[in-house]
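Chain and residue survey
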Amino acid sequence: MILRVSAILFCVFHHSFGDSCECGLENIHNRIFNGEKVAENSYPWLAFIHVYKRNQYFRCAGSLIDDQHVVTAAHCVHDGDEPVDPSAIKVYLGGHFLKRLPKHITVESLNVDPDFKNDQRLDYIGHDMTILTLSKSVNFTRKVMPICIPADNSLPYAGQAMKIAGWGMMAGDEYPTTPREAKVYHLSEQKCRAQMNLAIGLETGHPSRVFGYNLPPTDICAMNMELNSDACSGDSGAPLMWRNPNNGRWYLIAVVSRGRGGCDSTGSRPGIYTSVSHYRNVMLQGDFTACVLPY
């Protein structure tokens, strides 16, 4: 088993590869977005991921950040507390229709956050991000291109619409055959804590009780109460992304960690996402060539 564990240092880097970076460019000329469905390869960094564990395949999503690395959720590639063998993971890039996926790419190693924790008894997942190193580099095309990584920790997207996209479960417990997207809005830590406490209270029949929910330091919250849209089963690891109106590029803000409890229809729980800002320094080390650009 090839497993590379990277120490995660929480510091801020102000680094840019300048204009030589081509990232986050949407295929707008091929876009037929109608509010839910996504046209073929609109988001060319979107990866479909199959993970074999417990004698079955689990589906997740991810984001291509350079020619050999894909970011996804750590719980996707863990079986309990242990990471799966890289040979159990298949990554599909440039795909759209699940029945016509291109040939998969194997994974060479996992860059695991040693602080990852998944405690289902406490409904807690922390440090939920892993970077997959592919067994070979990929060529960038119109269908395969990386997403941009923010160069700092500012929040220009606060109060603005962001997007999540993936092949996760839809209403009625059905999986789509093509990617779907949803619009969500960032919540401050204070609003997230209040909304989560309210949701837990409603779920447990104690709406006035304070449950003391605290957001893990690696996480951010987002939701859309009006449209009742959020991530669901199969969306884990999918990108939470924001399009910068100043340069037209999409930035990877976070990855889907967990959505509303049981993909509920009440819309009461905010979605929880693992922020990429805590992992930026890893993306600037070794063989990583991610496009880390200022907003």
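Structure report, in brief. These figures come from a predicted structure and were not determined experimentally.

Remarks on the state of the cysteines
- Per the counting criterion, the structure on display carries three disulfides.
- One disulfide bridge connects Cys 60 with Cys 76, the sulfur atoms lying 2.1 Å from each other. Its torsion about the S-S bond being -95 degrees, the disulfide of Cys 60 and Cys 76 is classed as left-handed. In this pair, Cys 60 is assigned in strand 3 (residues 56-66) and Cys 76 in the loop between strand 4 (69-72) and strand 5 (78-79), connecting sequence segments 16 residues apart.

A short note on the pairing of strand 18 (residues 271-275)
- Burial within strand 18 is extensive, with five of its five residues counted as buried.
- Of the two faces of strand 18, the one carrying Gly 271, Tyr 273 and Ser 275 and the one carrying Ile 272 and Thr 274 are both buried.
- Bridge count for strand 17 (residues 250-258) against strand 18 is four bridges, and the pairing is antiparallel. Considered in strand 18, the bridge of Arg 258 is made with Ile 272.

Things to note about the sheet that holds strand 14 (residues 180-187)
- With antiparallel pairing, six strands are arranged side by side around a closed barrel as 13-14-15-18-17-16. For this sheet, the mean inter-axis angle between neighbouring strands, taken without regard to orientation, is 45 degrees.
- Examined bridge by bridge, strand 14 and strand 15 (residues 219-223) share three bridges and lie antiparallel to one another. Considered in strand 15, the bridge of Tyr 185 is made with Met 223.

With respect to the nonpolar core
- Grouped together as the largest cluster of nonpolar side chains are 47 residues, with contacts concentrated most on Ile 65, Ile 89, Val 91, Leu 93, Leu 132 and Met 283.
- Listing elements by their share of this core, those giving two or more residues are strand 2 (46-53), strand 3, strand 4, strand 7 (89-93), strand 8 (105-112), strand 11 (130-134) and strand 17.
- When sequence neighbours within four positions are dropped, the list of residues in contact with Met 283 reads Ile 65, Val 71, Ile 131, Ile 149, Val 276, Phe 288 and Ala 290.
- Ile 164, Ala 182, Val 184 and Leu 293 belong to the second largest nonpolar core, which has 21 residues in total.

Procedures and definitions
Residues numbered from 1 in each chain as written. Predicted model: local features only at pLDDT ≥ 70, side-chain atom pairs only at ≥ 80, totals over all residues. Heavy atoms only, no water. Disulfide = S-S within 2.5 Å. Helix = DSSP H or I, 4+ residues; strand = E, 2+ residues; numbered from the N terminus. Buried < 20%, exposed > 50% of the residue type's maximum accessible area, 1.4 Å probe, protein only. Pairing = 2+ DSSP bridges. Axes fitted to C-alpha atoms, helices over the stretch in contact; angles between N-to-C directions. Core = buried A, V, L, I, M, F, W, Y, C linked by side-chain atoms within 4.5 Å. Contact = heavy atoms within 4.5 Å.

Scope: geometric values only; no functional claims are made or implied.
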